Amino acid sequence: MNNLFTELENQNKQIPLAEILRPKTIEDFLGQSNVVSPNSPILNLLKTNRLFSLIFWGTPGCGKTTLARLIATKTNANFIEISAVTSGVKDIKDAVDRAKEGLRAGQKTILFIDEIHRYSKTQQDALLPHLENGTLFLIGSTTENPSFQVIPALLSRVQVIRLNAIDDESMAVIIKKGFEYLARNYTLMDCESGVLDFIINLARGDARYALNIVENAYFASDLKDNKRILTVKIIEEICQKRNTRYSQQEHYDCASAFQKSLRGSDADAAVYYLAKMITAGEDPRFIARRLIVCAAEDVGNADSNALNVAVNAYKAVELLGMPEGRIPLAQAVIYVARAPKSNETICAIDEALSDIASGKDFPPPMHLRDAHYKDAQKYGFGTGYVYTHSAPDVVQQFLPDELVGKKYTKQ
C-alpha cells in the first residue's frame, strides 16, 4: 500500500527544472573547478575509492547537495540524506543502524546532512563516535561559516571545503541547458536579446535560482506562432525584486568592509556597504555603533567632531527609524570617511593595557594619591602635590616612578 501511495505521489509531482537538470556525473558538474578540476585532491582521493568526512560551505545553489550525491555515486556508497531542519538524534541513530547493515554487506555509507549549521551541540555530538570509529562518513552542507556554527570536536573530524558561487561562464551553460530542455520537451522558444545576461545578473551564482527563473519565465511567456517568446520584461515582472542574500558570514564580511572603507577614506565604498547592509535588513543601530567605533578608533582627535557626528547619527536613527534613518546614517558615513585619520587613541590605550597586563602594574606616585581623608597625611599621601591651576608652570611627575618618560601618545 505504501508503495502504491508513493507511486501516486511521484506521478503527481511537478519536479522543478533545477532537479531535473541536476548533474549525473562529476564530469558534468560545473562551476567548482577549484574543487573538482582534473587532478584536484578530492578527485584523486575518489579515484582510490577512499571516503572522508567533509563539510561543504557555500552560497545557495552552488552545488553542495549535488556534489555530495556525485561523491556517493562515484564511490558506490550508500547515501542517506537528511535535513537538519526536520531531523534529530533519532534520525542519526537510524542512519547509524543502516550504516552498520551496509558494512555487513561490504558497503560504506555517507550520511548527508543539509543545513548542518542548524543542528544543536547535542545533535552534533551524537555524530562524533560514529565518525571516529568509521561506521559512516559525514558530508554536511551549510551556507554559514562552519567556524561559527559547527562545534570544534566535529570540525576536527572533517575537512571543510569552500564552494564558490557559480561563475558567469558556467552559469550561462547551465541556463542554456534549461532553455534546451524546455524547448525539446514542450514548445520551441525564442529569447529576446539580453535575457541570458539578465538572468545571470539576477541569479548571482545561484544555479537553482537561475533555473527557477528560466522555468517560470518560460511558462509565463507569450505563445506566438507555436513558440514561447522569452523577454526581459516577463522576467522582471516575475521576479519583481532582486533578493539580497545575507548570511551570517556576509554580516561579518560587510561590517568589516564597511569599517575598512571608512578607515581608508573611501566614502563611495562606505556608502555602498551601508546600502548593502540596509537592504539586507541589518539593524541600523548596529551600523551606527560600527560608525561610532570608527570615528573614535580611526579618526580620533584628528577630527574630534567625527565622534559627535557618529553619536548623533545613532540618536537620529533611534528617533526617526527607517527608512528616514538612512539619511543621517549616510551623512555621518560620508563625514567620517572624509575626515583626517589618526589611530593615536586606540594605539595609546592598547599599549597601556598591554603594559599593565604584562606586569607593569605600578601604583601612582605618593603626591598623586588620594589625600581627602584624615589619616592620609600620616602615610605621606598627597604630600607635595601642586594644584595645577594655581601654579601651571610647575613641572610634576604624573606617571608611576617605574614609567617615567614613557610615551603612549604621539605628542
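For the structure itself, consult the block above.
Residues numbered from 1 in each chain as written. Predicted model: local features only at pLDDT ≥ 70, side-chain atom pairs only at ≥ 80, totals over all residues. Heavy atoms only, no water.

Draft legend 1. Quick peek at the side chain of Ser-170. Along the chain, Ser-170 turns up in helix α11 (residues 168–185). What makes Ser-170 buried here is its relative accessible area of 11%. For Ser-170, the side chain forms a polar contact with the main-chain nitrogen of Gly-31, separated by 3.5 Å. Beyond its immediate sequence surroundings of up to four residues, Ser-170 is in contact with Leu-30 and Gly-31. (Helix = DSSP H or I, 4+ residues; strand = E, 2+ residues; numbered from the N terminus. Buried < 20%, exposed > 50% of the residue type's maximum accessible area, 1.4 Å probe, protein only. Polar contact = N/O pair within 3.5 Å; in protein donor to acceptor, adjacent residues only side chain to side chain. Contact = heavy atoms within 4.5 Å.)

Draft legend 2. Representation of the pattern of salt bridges within the structure. A full pass over the atoms with the stated rule returns 15 salt bridges. For the salt bridge of Glu-297 with Arg-263, the shortest nitrogen-to-oxygen distance reads 3.4 Å. Highlighted residues: Glu-297 in helix α17 (residues 284–299) and Arg-263 in helix α15 (residues 248–263), separated in sequence by 34 residues. Note that Arg-285 and Asp-283 form a salt bridge whose closest N and O atoms lie 3.2 Å from each other. For Arg-285, a relative accessible area of 38% translates into the label partly exposed. Look at the salt bridges and you will find they share partners, linking Glu-19, Arg-22, Arg-69 and Glu-81 into a network. (Salt bridge = Lys/Arg side-chain N within 4 Å of Asp/Glu carboxyl O.)

Draft legend 3. Spatial organisation of the environment of Gly-384. For Gly-384, the position within the fold is in the segment after α21 (376–379). With 99 residues separating them along the chain, Gly-384 and Arg-285 place their C-alpha atoms 49 Å apart. Residue contacts for Gly-384: discarding those within four places in its chain leaves His-367 and Gln-396.

Draft legend 4. Fine view of the layout of surface pockets. In this model, the largest pocket occupies a volume close to 680 Å³. Around the largest pocket, the lining is made up of 32 residues, and of these Arg-22, Gly-63, Thr-66, Ala-207 and Arg-208 lie nearest the centre. Mapped by element, the contributors of at least two residues to the lining of the largest pocket are α2 (17–20), α5 (64–75), β4 (137–142), α11 and α13 (207–220). Its residues assigned to classes, the lining of the largest pocket shows 12 nonpolar, 9 polar and 11 charged. (1 Å grid on protein atoms, 1.4 Å probe; cavity = no way out; pocket = protein on both sides within 12 Å on 5 of 7 lines; lining within 4 Å. Points joined across faces, edges and corners; volume = space filled by probe spheres on them. Nonpolar A, V, L, I, M, F, W, Y, C, P; charged D, E, K, R; others polar.)

Draft legend 5. Summary view of the packing of aromatic side chains. One pass over the full model with this rule turns up 6 aromatic pairs. Consider the rings of Tyr-218 and Phe-219, whose centres lie 4.9 Å apart with planes at 90°: the pair is edge-to-face. Judged by its relative accessible area of 1%, Tyr-218 falls in the buried class. The class of Phe-219 is partly exposed, set by a relative accessible area of 38%. With centroids separated by 5.2 Å and ring planes inclined at 75°, the aromatic side chains of Tyr-272 and Tyr-273 adopt a geometry described as edge-to-face. Since its relative accessible area comes to 23%, Tyr-273 is described here as partly exposed. Put simply, the rings of Tyr-186, Tyr-218 and Phe-219 pair up and form one aromatic cluster. Geometry around Trp-57 places Arg-162 over its ring, the cationic atom sitting 4.0 Å from the centre. In this structure, Arg-228 packs its charged tip against the face of Tyr-218, placed 5.6 Å from the ring centre. (Phe/Tyr/Trp six-rings, centres within 6.5 Å; stacked < 30°, edge-to-face > 60°. Lys NZ or Arg CZ within 6 Å of the ring centre and 35° of its normal.)

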